[in-house]
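Coordinate analysis (summary)
Letter by letter, the chains look like this.
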Amino acid sequence: MLSQSGVSARSRDVFGLRCLPGECVLQRAVMVRKKLTASEGRGWLSGTLFCTHFRVAFVPQDSPKPDDNVDPVLLGDHDVALASIEKVVVVGPNRTKLVTPNSSLKFTPEELVLYCRDLRVICFLFDRLTPDPQVLEMTYTIAKTYQPLKPGSVLSFQNAALGSVEMKQFLSNRRRDSHMNWFESSADWEQELERCGAVGWRVSSVNDRFEMSTSLPRFIVVPQKVLDTELKKSFAHFNEGRIPRWCWRHPRGSDLLRMSSFQNNIYHEKDDIRNLELVLFGCQSSLCVVVELGEELPSPADIQLAHSRLRALCLGDLSTSVTVPDDKWLSTLESTHWLDYTRSCLKKASEVACLLRSGHLTVALQETEDRDMSCVVSSLVQVMCDPHCRTQHGFQGLVQKEWVTAGHRFYSRINYHRDNDKEEAPIFLLFLDCVWQLWSQFPSRFQLTVDFLLALHDSVHLPLFSSFLSNSQRERCRRSQSLGQSYTPNNGWRGSFNSDLSSDPSDPPLPPVWDWALQYSKQRQTQFTQPVPPTATQQPLLNGNLNTNPDAHRLTDTIPGSVFLLSRGTFSCPANLLPWRSTSTGVYKKSHRRAPSSESVPGLERLLKAWTLSETPHILASSPGTQGPLDPYEPLLPLLMGPCMGVWRECYLRGALHAQAFSHPISANHLHPVERLAREVQQLKDKLAHISTNTDPDPSAQTPEPRQTDSNMNQNTNNGTFLFPASRPPSSTVPRTAPTSVNHQRRPPSTAPARPGHRERSGSNKHTFLFGHASGSETQTEPRYFPAPRNLKQPKSNGSSVVS
């Protein structure tokens, strides 16, 4: 079978392992068993363990013979890339040890545990028939290969995986996905303007050679009435030259902009200020709201610290035997502040979404450098408001637009070289968590699934993709020289080449992360999407001039040129347009625009407060049984109370049971602390349900009313979910993961927990604690393996006997 480009990369079969072109097997160990996760069915899988200079590969003994004519997959279902390994731990008789490149082992390991940067914990058990030299050599090889003595191993890792001549030719001829927008050419931006119906805007190539701003993309969208000659004067007034530029238009006529902070150390001419105001107001002439992001949202250092604490809580530390007691687990989770930061991002995005839906105003997101939290908020706003961004191709295009080409510092924030901890911060992972929060409360409004979000999360930690290995589009072009064409009013379409952008011809071509066929099989890719119900027909709009919000009509009648500042949830009405401030006196310079009317401030505040009310007619569905809002462009506003923020257990807790409850396949009565807590809570709920059923004078006369599914999350602020969403009904189109709870008692139908955000008709407070009750297909009893006390010496086991 040939690839889609007509060129197939040849692979070799080495001891049953299909190696990539140029991949070398460094070590092999036979008679090894791999611990399966809950999604894989639990238990153990026998096979052969390999270590190459690219990955740790596990080949099951009953796996079919690889087909050399099929295009290669970088990582198999049981493989882990060396670059994604963070820690190697071995377990022996009554001891554990953290293995480093300089370590020396005085015992033969019985278990090998790989802690990965993507929150996975992979456990291998060496059988008693496995030769001891193979066990030791495998351990040393992995320890010395995943963490070489010299820093900066990203290039060697890329060459190991993609550096062969055959692989270079194969990658160079790969075709890009034509169904998504890549936002790399002028035509791509024109297509987005047409899709959003944003008239009055144009695509400017003023930054085609990255001379105006090195971090902005080559093409930016600006108002048609602003010429490039006037636009060039605006770059120097903003940090890193990141001027106000268009991102997205709401169908009601509002525009979303992004910009960095204003430079106060530059003298501002009157004409410069007028040009800046034209850019800032865009195509609107009535109202502009500048949303300050730096004061309410967490800093990159805060996000990094919270993520580190979350990793320590979820994975534990087997090498030091440090675990969190079960009675302290929830309080420790709260102290990480990860959910608090997720909530603050969703709250700010909800405020911006409500402002945009009012129509006929410009909302400009302002951040100091416009490369971190502005990416999060602008992307969340579009996910909330635009159904296209909730599809797989639409979401991929959104990440391309707001993150990749917009200049998010992926390379520095992910810290692939592991040599710059000061700038490391998983901001993109925080965004994925926010999207999961929306998905968990509005699952039927998303075409993409949790499997897609999880695949994207794991791909971030694999330094093989051009999407994440640069801090800006300029750096990406420097490597690939793929500058393509640009358009200028005078010269039309022309080729663009910058002589200082050079790359080493020996470097392998890096594929984009969206080429999923390089990572996953077709069967896995089918799990990335799910069918979504057809959305209601939208009322025709003429340039977004539909406005049904009475408060918005009052706002559009304000004095032309009114500017408001939204900071810390409060609107301010400055006498002069912020932030045109003089450096010498510190006094705001006078603008040629008139001061806004303070009467509009209450109207703006009412817009933000409206979405928190349960009877707001323009937010909630008016008739019973309606599937969500009537208008498909109504924002998906989630519940943001503390109990309503869930933990993405498919991602964060998939390694928790491995870290604290893995060992030899023996029977034990020791449950995981989270499982034990969930079981106790479920037993209490069952008892309460049984008591309420017995005290009911006529239980048969009461019939539970059907719940309204996927309605807006603001219908009942008393309805909450604690920690984990309830299990969803079985579906053939939505993949499910095995439950963590081990309580298999059957509950009465009247006590079924509501999914997050599902409103109960009775209006009573319904809460789901920890884990939802498992469905029938998920409650089958499976053999569980938990560790025996470490003070007992255990010989290697071949799985034929069970020790109690």
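A word on the packing of aromatic side chains. The tally for this structure, following the rule as stated, stands at 24 aromatic pairs. On the basis of an interplanar angle of 40° and a centroid distance of 5.2 Å, the ring pair of Phe54 and Phe157 is categorised as tilted. With Phe54 in the loop between β4 (44-52) and β5 (55-60) and Phe157 in helix α2 (residues 154-162), this pair connects stretches of sequence that are 103 residues apart. According to the relative accessible area criterion, Phe157 is buried, its value standing at 7%. Each ring, one from Trp403 and one from Phe431, has its centre 5.3 Å from the other, and the planes form 40°; the classification is tilted. With Trp403 in helix α11 (residues 392-404) and Phe431 in helix α13 (residues 427-441), this residue pair connects regions lying 28 residues apart in the sequence.

Bringing the sheet that holds β5 into the picture now. If you trace the 8 strands from one edge of the open sheet to the other, you get β6-β5-β4-β3-β10-β9-β7-β8, paired in antiparallel fashion. The strands lining the two open edges of the sheet, one partner per strand, are β6 (80-81) and β8 (95-99).

Glancing now at the side chain of His408. Among the secondary structure elements, His408 is positioned in the loop between α11 and α12 (410-414). Other than its neighbours up to four places away in sequence, His408 contacts Arg371, Asp372, Cys375, Trp403, Arg413, Ile427, Ser470 and Asn471.

On to the pattern of salt bridges. Taken as a whole and judged by the stated rule, the model has 31 salt bridges. Among the ionic pairs, Arg524 bridges to Asp77, the shortest N-O distance being 3.5 Å. You can see Arg524 sitting in helix α16 (residues 522-525) and its partner Asp77 sitting in the loop between β5 and β6, a full 447 residues away along the chain. Given a relative accessible area of 54%, Asp77 falls into the exposed group. The shortest N-O distance in the salt bridge between Glu634 and Arg252 comes to 3.5 Å. Placement of the pair is Glu634 in the loop between α18 (600-610) and α19 (649-652) and Arg252 in the loop between β13 (245-249) and β14 (255-260), with a sequence separation of 382 residues. Connected through shared salt-bridge partners, Glu192, Arg195, Arg242, Arg245, Arg258, Asp370, Asp386, Lys401 and Glu402 make up one network.

In globular proteins that are soluble, nonpolar side chains generally tend to be buried together. Membership of the largest hydrophobic core comes to 149 residues, with the highest contact counts inside it found for Leu380, Phe395, Phe428 and Phe431. Broken down by element, this core gets its largest block of residues, 11 residues, from α13. Residue contacts for Phe431: discarding those within four places in its chain leaves Val376, Ser379, Leu380, Phe395, Val399 and Trp403. One finds Leu105, Ile122, Ile142 and Tyr146 within the second-largest nonpolar core, a separate group that totals 28 residues.

Turning our attention to the confidence of the model for the protein chain. Mean pLDDT over the protein chain: 74, with 66% of residues reaching 70 or higher. For the protein chain, per-element mean pLDDT is lowest for strand β22 (residues 767-769), which scores 33, and highest for α11, which scores 98. In this model, residues 659-670 is a region of pLDDT below 50 whose contacts with residues beyond four sequence positions or in other chains number 52 contacts.

In an α-helix there are 3.6 residues to a turn, and that puts residues three or four apart on one side. The terminal C-alpha atoms of α13 lie 22 Å apart, and with 15 residues this matches the ideal 21 Å at 1.5 Å per residue to within 8%. Judged by how many residues are buried, α13 sits mostly within the fold: 15 of 15 residues are covered.

Across the sheet, 6 strands lie side by side as β13-β14-β16-β15-β19-β20; this open sheet has mixed pairing. Strand pairing shows two members of the sheet lacking a second neighbour, β13 and β20 (570-572), which therefore form its edges. Across this sheet, the average inter-strand angle for adjacent strands is 25°, counted without regard to direction. Two strands pair when backbone bridges link them, and strand β15 (residues 287-292) and strand β19 (residues 562-567) are joined in this way by 5 bridges, in the parallel orientation.

Another aspect to go through is unusual backbone geometry. We note that Leu119 has phi near 75°; this positive angle belongs to a residue other than glycine. Tracing the chain through its elements places Leu119 in the loop between β9 (111-116) and β10 (121-126). Residue Leu119 is classed as buried on the basis of its relative accessible area, which comes to 2%.

The interhelical angle for the contact between helix α10 (residues 373-385) and α13, taken along N-to-C directions, is 20°, at an axis separation of 10 Å. Considering their axes alone, α10 and α13 lie roughly parallel with respect to each other. Along this stretch, α10 crosses α13, giving a crossing that reads as right-handed. Here Met373, Val376, Ser379, Leu380, Val383 and Met384 of α10 come into contact with α13, specifically with Ile427, Leu430, Phe431, Cys434, Val435 and Leu438. Taken together, the residues that form the contact of α10 with α13 break down as 11 nonpolar, 1 polar and no charged.

Now for helix α7 (residues 300-315). Compared with the 22 Å implied by 1.5 Å per residue over 16 residues, the 22 Å span of α7 between its first and last C-alpha is a close match. Three or more residues of α7 are buried, namely Ile303, Gln304, Ala306, His307, Leu310, Arg311, Leu313, Cys314 and Leu315. Two residues or fewer past α7, Gly316 is found with a positive phi of approximately 70°.

Let's shift gears to the state of the cysteines. Taken as a whole and assessed by the stated rule, the structure comprises 0 disulfides. The structure places no disulfide on Cys24, whose sulfur is separated from the nearest cysteine sulfur, that of Cys19, by 8.1 Å. Judged by relative accessible area, Cys24 falls into the partly exposed class, the value being 41%. No disulfide involves Cys345; its sulfur sits 4.7 Å from that of Cys434, the nearest cysteine.

So, on to the environment of Leu162. Tracing the backbone through its elements, the reader meets Leu162 in helix α2. Residue class for Leu162 comes out buried when judged on its relative accessible area of 0%. For Leu162, the contacting residues outside a window of four places in its chain are Leu74, Met167, Lys168, Leu171, Leu464, Pro508, Pro509, Leu510 and Pro511.

A few words on the environment of Ser260. For Ser260, the location among the structural elements is in strand β14. According to the relative accessible area criterion, Ser260 is buried, its value standing at 0%. Along the primary structure Ser260 and Glu369 are separated by 109 residues, whereas in three dimensions their C-alpha atoms are 5.0 Å apart. Not counting residues up to four positions away in its chain, the partners in contact with Ser260 are Phe238, Asn239, Arg242, Gln366, Glu367, Thr368, Glu369 and Asp370. Among the polar contacts listed, one links the side chain of Ser260 to the backbone oxygen of Asn239, at a separation of 2.9 Å. In terms of polar contacts, Ser260 uses its side chain to reach the backbone carbonyl oxygen of Arg242, at 3.2 Å.

About the cut-offs
- Residues numbered from 1 in each chain as written.
- Predicted model: local features only at pLDDT ≥ 70, side-chain atom pairs only at ≥ 80, totals over all residues.
- Heavy atoms only, no water.
- Phe/Tyr/Trp six-rings, centres within 6.5 Å; stacked < 30°, edge-to-face > 60°.
- Helix = DSSP H or I, 4+ residues; strand = E, 2+ residues; numbered from the N terminus.
- Buried < 20%, exposed > 50% of the residue type's maximum accessible area, 1.4 Å probe, protein only.
- Pairing = 2+ DSSP bridges.
- Contact = heavy atoms within 4.5 Å.
- Salt bridge = Lys/Arg side-chain N within 4 Å of Asp/Glu carboxyl O.
- Core = buried A, V, L, I, M, F, W, Y, C linked by side-chain atoms within 4.5 Å.
- pLDDT = per-residue confidence, 0-100.
- Expected span 1.5 Å × (residues − 1).
- Axes fitted to C-alpha atoms, helices over the stretch in contact; angles between N-to-C directions.
- Parallel < 35°, antiparallel > 145°, perpendicular 65-115°, else oblique.
- Left-handed = near helix turned anticlockwise from the far one by under 90°.
- Nonpolar A, V, L, I, M, F, W, Y, C, P; charged D, E, K, R; others polar.
- Disulfide = S-S within 2.5 Å.
- Polar contact = N/O pair within 3.5 Å; in protein donor to acceptor, adjacent residues only side chain to side chain.

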